[in-house]
Amino acid sequence: MRIVAVRDALVPLGSGMRNASIAFDAMTASALALVTDRIVDGKPLVGYAFDSIGRYGKSGLLRERFIPRLLAAPSDSLLDEHGVLDPARCVQAVMANEKPGGHGERPGAVALMEAAAWDCVAKLAGRPLWQVLAERYGTAAPTRRIRVYGSCGHFRPGETLDGLATEVRRARDSGYSLVKIKVGGRSVAEDERRVCAARDAAGADGRIAVDANGMLDPAIAAPWLDAMAQHEVAWVEEPTAPLDYAALAVVAARTPVPLATGENLFSFDDARNLRRYGGLDPVRDRIQVDMLLAYGVAEYARMLDDFTAHGWPHSAFWPHAGHLFAAHCVGAFGLGAAEAAPDATLSYGGYWDDTRVENGLLELPDAPGVGFEHKANLHALLAHALET
Ligand code: MG
């Protein structure tokens, strides 16, 4: 088996929304295709990967370093003992001559290459990715039926609380019983109004979580956390700057509300520091490291092993974004839940066309690989951008 071409494309995703920390006007994402010499159903086998949303595309890193290294590697060095592409060996090849530490945005580019290799491997096996991953990593409790939650409620120019409520209602009507909204972290009263509007829209069975994107003002942290506890939010996400573990530990000791963080940690080293110094509780809190931004599944499996050895259950892991790929990982490793933008009309929103979210649960499809081919708008985007 041989990789004959690697194509990447920068996909513009600009929109007028923002969270407490950034605007999305110029947001981009990377799409990647590994084209192999294997023929499946009369066509060359292609493995796809599509970025997590929110950290910009990685074309520079891919084109300057990682794609050339993968193409230059001897074909045999990328294969397992059965002569099939080995995603871990692909990562080894692209990481040649990279210094440890200082991970920057390199892990996202590397993870895309690993993800596309996994799509190839699972397609070649004719099986859905979650099954292939569960087998490869020997996970204890893989599951086809996964929990998902909807993420929405960004800030938009001129938007009212009615707009926020409409968005939460739509998510609820699309089957998401747990919905996360953005909050500003600058005013207790303002954020309380957002939570109340969202909670009313979510209905009696719905739950609301809040995401401060690292911007909670320390001057109002105490009353703000008390208010969130009173409103019984499902969790508070990124109350503090992502790498400030000491500040997080102060918040963790101060509030009974579940905390969630980790989406801006891109390596095993960083995740372990979060475990060591973030003051988080394995029973109460959630780890949101995103395998698609953090070197891929092999690195993620190391994190799971490290946390598990220190009393953390797999159910405490709720990966950020990652879309279809992350949903397979949630099933493969028996993780807590996958995050989704609930609007399926977006290329990066919703799930496979032939699946439905019901009461916050989703059944992973039978399609081989990640199943990009079974989400028509995303597949059209990939096929066009990558000329496959
Ligand atoms: Mg977040």
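Residues numbered from 1 in each chain as written. Predicted model: local features only at pLDDT ≥ 70, side-chain atom pairs only at ≥ 80, totals over all residues. Heavy atoms only, no water.

## Side note on the overall build of the protein
Rule in force here: Elements are defined by DSSP. Helices are runs of H or I of four residues or more, strands are runs of E of two residues or more, and each kind is numbered from the N terminus. In this treatment the radius of gyration is a C-alpha quantity, and the globule benchmark scales as 2.2 Å times the residue count to the 0.38 power. Think of it in three bands: with a 1.4 Å probe and only protein chains considered, a residue is buried below 20% of the maximum accessible area for its type, exposed above 50%, and partly exposed in between. Every residue pair with non-hydrogen atoms within 4.5 Å of one another is taken to be in contact. Throughout, the Shrake-Rupley method with a 1.4 Å probe supplies accessible areas, and for residues the shown protein chains are the sole cover considered. In this tally Asp and Glu are treated as negative and Lys and Arg as positive; neither His nor the chain ends contributes. Working definition for charges: the position is that of NZ of Lys, CZ of Arg, CG of Asp or CD of Glu.
Within the protein one finds 12 helices and 11 strands. Relative to a compact globule of 388 residues, whose C-alpha radius of gyration would be 21 Å, the protein shows 20 Å and is just as compact. Dimensions of the protein, computed from the C-alpha atoms along their principal axes, are close to 60 × 40 × 40 Å. Evaluated residue by residue, the protein yields a buried proportion of 57% over its 388 residues. Excluding contacts between residues fewer than 6 apart, the proportion of contacts in the protein whose partners are at least 24 apart in sequence is 73%. Put simply, the protein shows about 15,400 Å² of open surface, and 51% of that area lies on carbon and sulfur atoms. In the protein, the 39 positive side-chain charges and the 49 negative ones have mean positions that sit 1 Å from each other.

## Observations regarding the coordination of the magnesium ion
Cut-off, in case you're wondering: As a rule, N, O and S atoms within 2.8 Å of a metal are its donors, except that Na, K and Ca use 3.2 Å; water is not among the atoms, so sites may look incomplete.
Protein coordination at the magnesium ion: the donors are D211 (OD), E237 (OE) and E263 (OE), at 2.0 to 2.2 Å from the metal. Expressed as a motif, the donor residue spacing for the magnesium ion is D-x25-E-x25-E. Linking D211 in strand β6 (residues 207–211) with E263 in the loop between β8 (259–261) and α9 (268–277), this pair joins segments that are 52 residues apart in sequence. E263 gets classed as buried once you look at its relative accessible area, which sits at 9%.

## Focus on helix α5 (residues 161–173)
Quick reminder of the rule: Here a helix's expected span is defined as the number of its residues, less one, multiplied by 1.5 Å.
Between its terminal C-alpha atoms α5 stretches 18 Å, which fits the 18 Å expected from 13 residues at 1.5 Å a residue. On the buried face of α5, the contacting elements are β4 (145–152), β5 (178–182), α6 (188–202) and β6. At the exit of α5 stands G175, carrying a positive phi of roughly 105°.

## So, the sheet that holds strand β1 (residues 3–12)
Put simply, the rule reads: Strand pairing requires that DSSP identify at least two bridges connecting the strands. To obtain an axis, a line is fitted to C-alpha atoms, over the contacting stretch when the element is a helix, and the angle between two such axes runs from 0 to 180 degrees between their N-to-C directions.
Strand order in the open sheet formed by 3 strands is β1-β2-β3, with antiparallel pairing between adjacent strands. The open sheet has two edge strands with one neighbour each: β1 and β3 (43–50). Across the sheet, the mean angle separating the axes of adjacent strands is 25° when strand polarity is ignored. Bridge analysis of strand β2 (residues 28–40) against β3 gives 7 bridges, and the strand direction is antiparallel. By the bridge assignment for β3, A31 is matched with F50. Helix α1 (residues 59–72) rests against β1 and β2 of the sheet, and its axis sits at about 170° to β1. Here helix α3 (residues 106–125) sits on the sheet in contact with β1, β2 and β3, set at roughly 140° to β3.

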